[in-house]
Amino acid sequence: MAEIRFSGFGGQGIIRCGLITGKALSLYDNKHATMTQSFGPEARGSACSSQLVVSKDRVLYPYITIPEILVSMSQEAYDKYEPDLLENGILIIDTDLVKPKPVREKIQMFAIPSTRFAEELGNRIIANLVMLGFFTAVTKIVSPEAMKKALPGMVPGRFLDLNIKAFDRGYDYGGEVLKTAKPAKTKKKTAAKKKTTKSKK
Amino acid sequence: MKKVKVDPKGVLTGSHYIDGDYAIAEGGLAAGCRFFAGYPITPSTETAERFSERIPHVGGVFIQMEDELGSIAAMIGAVWGGKKTMTVTSGPGFSLMMENIGLACMMEIPLVIANVQRGGPSTGLPTLTGQQDMMQAKWGSHGDYEIIALSPDSPQECFDLTIEAFNLSETYRVPVFVMTDECVGHMHEKVVIPPAEEIEVVERKWYEGPKDKYLPYKLDKDGIPFMVKAGDGYRFHTTGLTRDERGYPVINAECQSVVVPHLVDKIINNADKIIMLEEDEIDGAEIVVISYGITSRVAIRAVQQARKAGIKVGTLRLKTVWPFPEKRIKQLARKIKAFVVPEINYGQIVLEVERCAAGKAPAFHVPHCGGWVHDPNDILKVIKEAAK
Amino acid sequence: MKKEDRLESKNPMEGFLRMDRIPHIWCPGCGIGTVVTSFTEALKKSKLDLDKVAVVSGIGCTGRVAGYVKLDSFHTTHGRAVPFATGLKLANPDLKVVVFSGDGDIFGIGGNHFIHAARRNMDILIICVNNFNYAMTGGQVAATTPMEANASTAPYGNFEFAFSLPYLAEAAGATYVARWTSLHLRRVTKSIQEALAKPGFSLIEVITPCVTLYARRNRLGDGLNLLKYYYDKSVIEHGADTRTLDISYQGKLVVGKFVDKEKPTFLDRMNEHMTKILGDKYVKYGE
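Residues numbered from 1 in each chain as written. Chains lettered and ligands numbered in written order. Predicted model: local features only at pLDDT ≥ 70, side-chain atom pairs only at ≥ 80, totals over all residues. Heavy atoms only, no water.

Asks: Explanation requested: the interface of chain A and chain B in the structure shown.
Replies: Often, the extent of an interface is quoted as the loss of accessible area upon association of its parts. Contacts between the two partners involve 30 residues from chain A and, on the opposite side, 34 residues from chain B. Taken together, both faces of the contact between chain A and chain B bury some 2800 Å²; the carbon and sulfur share is 56%. In this structure, Asp153(B) and Arg58(A) form a salt bridge, with 3.2 Å as the shortest nitrogen-oxygen distance. On the surface where chain A and chain B come into contact, there are 7 residue pairs in polar contact (both at pLDDT 80 or more). Residue assignment for the side of chain A that touches chain B shows that the elements contributing at least two residues are α1 (14-28), β2 (32-37) and β7 (199-200) of chain A. The dominant element in the side of chain A that touches chain B, judged by the number of residues it contributes, is α1(A), at 6 residues. Broken down by class, the residue content of the side of chain A that touches chain B amounts to 14 nonpolar, 9 polar and 7 charged. (Contact = heavy atoms within 4.5 Å. Buried area = accessible area lost by both parts, 1.4 Å probe. Salt bridge = Lys/Arg side-chain N within 4 Å of Asp/Glu carboxyl O. Polar contact = N/O pair within 3.5 Å; in protein donor to acceptor, adjacent residues only side chain to side chain. Helix = DSSP H or I, 4+ residues; strand = E, 2+ residues; numbered from the N terminus. Nonpolar A, V, L, I, M, F, W, Y, C, P; charged D, E, K, R; others polar.)

Following this line, the structure appears as structure tokens:
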């Protein structure tokens, strides 16, 4: 069981992050993943987020309550969502876009210049894929194979290769970061799920 | 009731990660819907968008009408033109459709309307969830009639129950509503669409007798009249006025006393066949939580906590909300201590539970006025109170 | 004398009407029946397969037409005949769909549907019987009531501007627009015939006497007096600029065929456009 929030500003592909990860988990990693997003009349550029509840059993309550993973790709989103992060949660930020406050003691922080890497690869629009690669490497919550399988249909066909390249860039960087840091781990207690039998009347 | 294999063109077999709104469109296409008339309204618009994208590849018509009054009128016309048809809407649009929902009931038109509910009244909460149109679904148009309403709790069920909605609408020649909500409509989950050969749908009850003997509202043995379509030489007439077997207007109490009971009885007398319930740990339960749609998922969290605290709680999920499972509630009321009914409104389905329980067991309501789902703790609190 | 030998059983319109529903409900002197006669004449002359002609009506006196014609016929709700017809036509493109209804139904409560169906160039023919008031409910003021005329809900006379139906239809995109009075029986027939043969959105407005309500309330006499008014004040001006067709109380009535142009219909456009964009992937509809 895990609760994940992707956040940033409109136009960065934040909703896509939730969709790709959710698709990877539920179609190719044999998990249940429910994605919701905040809907509103907000224009591009304002804080936006997508949420994923991941479980090995069916997800019941569809919204996240206390996320153990927060991905922030903008200062505004970081400021808004960081206080809700689980006390021993994982915080993942874009180094160039988020200046974090002193990190809470038990929180593990991972940082990547995802937008800069994307620009180096030729287009800042794929920063979300760099971030997803990094997220996959440091959290190990989803397999990189599943993530790549999930991409067709989720990114424009003619940019599929570029998106995979971006994912790999982030994933490799995550591997390097992990060599010097402890791998991420959260210890949120989850209620034991009891199997129930359903009858159709 | 004749079952046929579906047209594989409309079936997007495979596993998908889509939201409830898309799943409704896929369910419609799989069921053979080839005419969609709609008007954009949050949070249901994605269904119309999906349909408009898919229909050119399947063969059919998508038309964005000038308003919801036009949408449902066009749908009724399209049914007489021989098509299976659906639309999707939310509260304000549902309100606008009410008059012609009455026409569809009177003309006995099979059609499907999905209502992705949001918070009301009026414009209310366009982007946030609610379950406040449940009574409107049953009573919204004027006069006495019956409809069928289903309530999916997931994108997968949005797909499954939309097909079921088409089948029920064709079986009973009645409008069927898929009463989902913003939460389920916008929630992405895995949806498995089976191969076309595994999906069976109910064929329209076409008339096959001699042309000059056709009577549009003469009841068959099963109580449902046969249908024809315009252009096939029957030269039939139909009207929204109270009418006889020929479809001719007869404006008097005598004819009314035949038509109205028929419109009601064809559903109520078949309630056992129509109603789908999902029950869990009902035997020996002292409390039964009755819920539908997204609220039933939220309620399970509370139920699990209550069971841990030693309370015997069963759950009853209404996949079919209308017709209401009167018989089952009556049975349960005699055996249990109390019902707990959480729903995202200020008290709608709980009134039906109370009516059916008829004082044998109290019904505790857990209201929520919309905008979000319940906090499971609020439901738990009421379960504990009811168990006292 | 056997029933079938009696003169009245030989009604020349018999094949076109549901004789088991006659007598009709319209008042003596009403013009609706005259327009129905023109319609049946036009159908006869058109040689159309009557199994493929459908009539849709809304609510009101003219709304009852659907109940009397021996065709696939639909008596729908108030104002919604046009979108109903839209669905019927799109679901079965082989049909020739005719909306037969009144001014209140099509241009009052149903006005929005009318302009959008015209904009889309939906392939339907609208025959609008305009009697200047809501007759079925007792002669209330309508969107077509000429200024100064009296109505039951305008007891001191109407002070609102009225719609000019041909102007509205042309502006919204109709490809065939004509106006006549019920005095111009043969002209009405000819117009209906032309419009039946023409794909696209057509409006034929026919001004008719409402003797019981509009005429009586305005002390205009009986049906014959109104026909005399049409005779005296109507001027045939084919191709007249539709901006000039306002009707004043008992004033001049410009009649004629004003618009007759070619334009692809909704379904033509849909098939043409989707084929252009999607090529072989597009499943053509209704061809």
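Asks: How should the pairing of strand β7 (residues 125-129) of chain B be read in this particular structure?
Replies: It is a general feature of regular strands that their side chains alternate between the two faces of the sheet. Here strand β6 (residues 111-119) of chain B runs beside β7(B); their pairing, made up of 2 bridges, is antiparallel. What sits directly across from Arg118(B), in β7(B), is Thr129(B). (Pairing = 2+ DSSP bridges.)

Asks: Whenever I open this one, the environment of Met13(C) confuses me. Can you help?
Replies: Residue and element names in this part refer to chain C. Mapped onto the secondary structure, Met-13 falls in the segment before α1 (32-46). Sequence spacing of Met-13 and Gly-157 is 144 residues, and the spatial spacing of their C-alpha atoms is 40 Å. Excluding residues within four positions of it along the chain, Met-13 makes contact with Val-36, Thr-37 and Thr-40.

Asks: I would appreciate a short explanation of the pattern of salt bridges in the present structure.
Replies: Two side chains carrying opposite charge are able to pair once their charged atoms lie near each other. Scanning the entire structure with this criterion turns up 50 salt bridges over all chains. One salt bridge connects Lys330(B) with Glu326(B), and the closest N-O pair in it is separated by 3.3 Å. Here Glu326(B) and Lys330(B) lie together in helix α11 (residues 326-335), a separation of 4 residues that amounts to about one turn. The class of Lys330(B) is partly exposed, set by a relative accessible area of 38%. Note on Glu326(B): relative accessible area 30%, which makes it partly exposed. A salt bridge links Lys44(C) to Glu41(C), with the nearest nitrogen and oxygen atoms 3.5 Å apart. One end of the pair, Lys44(C), and the other, Glu41(C), are both in helix α1, 3 residues apart, so they sit about a helical turn from each other. Through salt bridges with shared partners, one network takes in Arg58(A), Asp153(B), Glu157(B), Glu278(B), Arg317(B) and Lys319(B). (Buried < 20%, exposed > 50% of the residue type's maximum accessible area, 1.4 Å probe, protein only.)

Asks: Even after reading the chapter, I still don't get the packing of helix α10 (residues 294-308) of chain B against helix α13 (residues 376-387) of chain B, so can you show me in this structure?
Replies: Residue and element names in this part refer to chain B. In the contact formed by α10 and α13, the axes pass within 8 Å of each other and the chain directions differ by 50°. One element, α10, and the other, α13, form an angle in the oblique class. Here α10 runs over α13; the crossing is right-handed. The segment α10 lies against α13, with Val-298, Ala-299, Arg-301, Ala-302, Val-303, Gln-305 and Ala-306 engaging Pro-376, Ile-379, Leu-380 and Ile-383. The class makeup of the residues in the contact of α10 with α13 is 9 nonpolar, 1 polar and 1 charged. (Axes fitted to C-alpha atoms, helices over the stretch in contact; angles between N-to-C directions. Parallel < 35°, antiparallel > 145°, perpendicular 65-115°, else oblique. Left-handed = near helix turned anticlockwise from the far one by under 90°.)

Asks: Hey, could you run me through the sheet that holds strand β6 (residues 202-207) of chain C in this one?
Replies: By definition, the strands of a sheet pair up through backbone hydrogen bonds, in either a parallel or an antiparallel sense. Taken in spatial order, the 9 strands make up an open sheet running β12(B)-β2(C)-β1(C)-β3(C)-β4(C)-β6(C)-β5(C)-β8(C)-β7(C), and their pairing is mixed. Whereas interior strands pair on both sides, the edge strands pair on one side only; in this sheet they are β12 (237-239) of chain B together with β7 (234-236) of chain C. The sheet shows a mean angle of 15° between the axes of neighbouring strands, taken without regard to direction. Sheet topology places strand β4 (residues 124-130) of chain C next to β6(C); 6 bridges connect them, and they run parallel. Bridge assignment links Ile126(C) to a residue of β6(C), and that residue is Leu203(C). Across the face of the sheet, helix α7 (residues 185-197) of chain C comes into contact with β3 (96-102), β4, β5 (176-181), β6, β7 and β8 (253-260) of chain C while running at roughly 165° to β5(C). Its contacts with the sheet place helix α9 (residues 223-233) of chain C against β5, β6, β7 and β8 of chain C, and it is angled at close to 45° to β7(C).

Asks: Looking at this model, I keep getting lost on the packing of aromatic side chains. Mind explaining?
Replies: What characterises a pair of aromatic rings is the spacing of the ring centres plus the angle enclosed by the ring planes. Counting across every chain of the model gives 25 aromatic pairs over all chains. Judged by centre distance (5.5 Å) and plane angle (55°), the ring pair of Phe132(C) and Tyr214(C) falls under tilted. In this pair, Phe132(C) sits in the loop between β4 and α6 (165-172) while Tyr214(C) sits in helix α8 (residues 211-217), placing the two residues 82 residues apart along the sequence. In terms of burial, Phe132(C) and Tyr214(C) fall into one category: buried. Through successive ring pairs, a cluster of aromatic residues spans Trp80(B), Tyr207(B), Tyr214(B), Phe226(B), Tyr234(B), Phe236(B), Phe74(C) and Phe84(C). The side chain of Arg169(A) reaches across the aromatic face of Phe117(A), ending 3.9 Å from its centre. Here the basic side chain of Arg243(B) rests over the ring of Tyr217(B), its NZ or CZ set 3.8 Å away from the ring centre. (Phe/Tyr/Trp six-rings, centres within 6.5 Å; stacked < 30°, edge-to-face > 60°. Lys NZ or Arg CZ within 6 Å of the ring centre and 35° of its normal.)

Asks: I keep staring at the pairing of strand β13 (residues 277-280) of chain B and nothing clicks. Help me out?
Replies: All names here are of chain B. The alternating pattern of β13 places Leu-277 and Glu-279 on one face and Glu-278 and Asp-280 on the opposite face, and all of these are buried. Summarising the sheet, β13 and strand β15 (residues 313-318) pair through 4 bridges and their orientation is antiparallel. Bridge assignment links Leu-277 to a residue of β15, and that residue is Leu-318.

Asks: I'm lost on the interface of chain C and chain B in this one. Help?
Replies: The partner chain B presents 44 residues to the 42 residues of chain C that form the contact. If you sort the residues of chain C by the area they bury against chain B, Asp72(C), His75(C) and Phe84(C) come out on top, with a joint share of 15%. Across the chain C-chain B interface, the total number found is 4 salt bridges. Among the salt bridges present, the one from Arg80(C) reaches Glu99(B), with a minimum N-O distance of 4.0 Å. Our count for the contact surface shared by chain C and chain B stands at 24 residue pairs in polar contact (both at pLDDT 80 or more). Per-element tally for the side of chain C that touches chain B: the top contributor is helix α3 (residues 81-91) of chain C, with 7 residues. Relative to strand β2 (residues 72-75) of chain C, β12(B) is paired through 3 bridges, and the arrangement is parallel. Residue pairing across strands places Thr239(B) opposite His75(C), the latter belonging to β2(C).

Asks: Hey, could you run me through the packing of helix α3 (residues 68-80) of chain B against helix α4 (residues 91-107) of chain B in this one?
Replies: Helix packing geometry: the angle between the two helix axes and the distance between the axes. All names here are of chain B. Between α3 and α4, the least distance of the axes is 7 Å, while the angle of their chain directions is 25°. Taken together, α3 and α4 sit at an angle that is classed as roughly parallel. Judged by the twist between their axes, the crossing of α3 over α4 is right-handed. Seen from α3, the contacting residues are Glu-68, Leu-69, Ser-71, Ile-72, Ala-73, Ile-76 and Trp-80; seen from α4, they are Gly-93, Leu-96, Met-97, Asn-100, Ile-101, Leu-103, Ala-104 and Met-107.

Asks: Teacher, can you tell me more about the side chain of Glu108(B) here?
Replies: All names here are of chain B. By the secondary structure assignment, Glu-108 is in the loop between α4 and β6. Among the residues examined, Glu-108 registers a relative accessible area of 1% and is labelled buried. For Glu-108, the side chain forms a polar contact with the side chain of Lys-266, separated by 2.9 Å.

Asks: Looking at this structure, how should I read the arrangement of the chains?
Replies: In this assembly 2 pairs of chains touch, with chains B and C having more contacts than any other pair. Nothing in chain A touches chain C; the tightest C-alpha to C-alpha distance between them is still 17 Å.

Distances and angles like these do not, on their own, reveal function.
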